[in-house]
Amino acid sequence: MFLNTLTISVLFSGALIVALAVHDPKRLRNTEPLSALRPHSSAARRLLAILALAPFIFVLTLTGWSGALIWFGSITVVGWLAALFLSLRFRPVKHH
């Protein structure tokens, strides 16, 4: 149960973090996109962020602090990997 709870929670939060990263307005403004991506609205970004962090309560309740720390570390790594791979996909725009 511990592993299933963590896996589902990390996948859910990770998917939302990747969605936030792909449509990040600052990154899109400073890069030359390979596709026609548009940033999410401010309200949509807030909602995605809240939903991405919501599994913390679920994980904390079912697995305790050890599971919550593993979940937090896992989504942190997902965020770092999303930033890394998105920086490789998009090249910076040269401002004159």
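Residues numbered from 1 in each chain as written. Predicted model: local features only at pLDDT ≥ 70, side-chain atom pairs only at ≥ 80, totals over all residues. Heavy atoms only, no water.

> Can you break down the overall build of the protein residue by residue, with the values?
Helix and strand counts for the protein stand at five helices and two strands. The order of α-helices and β-strands along the protein, N terminus first, is α-α-β-α-α-α-β. Taken over 96 residues, the protein has a buried fraction of 29%. Contacts in the protein between residues far apart in sequence, at least 24 positions, make up 70% of those at least 6 positions apart. (Helix = DSSP H or I, 4+ residues; strand = E, 2+ residues; numbered from the N terminus. Buried < 20%, exposed > 50% of the residue type's maximum accessible area, 1.4 Å probe, protein only. Contact = heavy atoms within 4.5 Å.)

> Quick rundown of the packing of aromatic side chains? Include the residues and the values.
For any pair of aromatic rings, geometry is given as the distance between the ring centres together with the angle between the planes. Taken as a whole and judged by the stated rule, the model has two aromatic pairs. Look at Phe 56 and Trp 71: their rings are 5.8 Å apart centre to centre, the planes differ by 50 degrees, and that puts the pair in the tilted class. Taken together, the positions of Phe 56 in helix H4 (residues 55-63) and Trp 71 in helix H5 (residues 65-89) put the pair 15 residues apart, joining distant regions of the chain. Put simply, the rings of Phe 56, Trp 65 and Trp 71 touch in pairs and so form one group of aromatic residues. (Phe/Tyr/Trp six-rings, centres within 6.5 Å; stacked < 30°, edge-to-face > 60°.)

> Before we move on, can you summarise the confidence of the model for the protein with the specific residues and values?
Considering every residue of the protein, the mean pLDDT works out to 84; 83% of them sit at 70 or more. Confidence scores differ between elements of the protein, with strand S2 (residues 91-92) showing the lowest mean pLDDT of 61 and H4 the highest of 92. (pLDDT = per-residue confidence, 0-100.)

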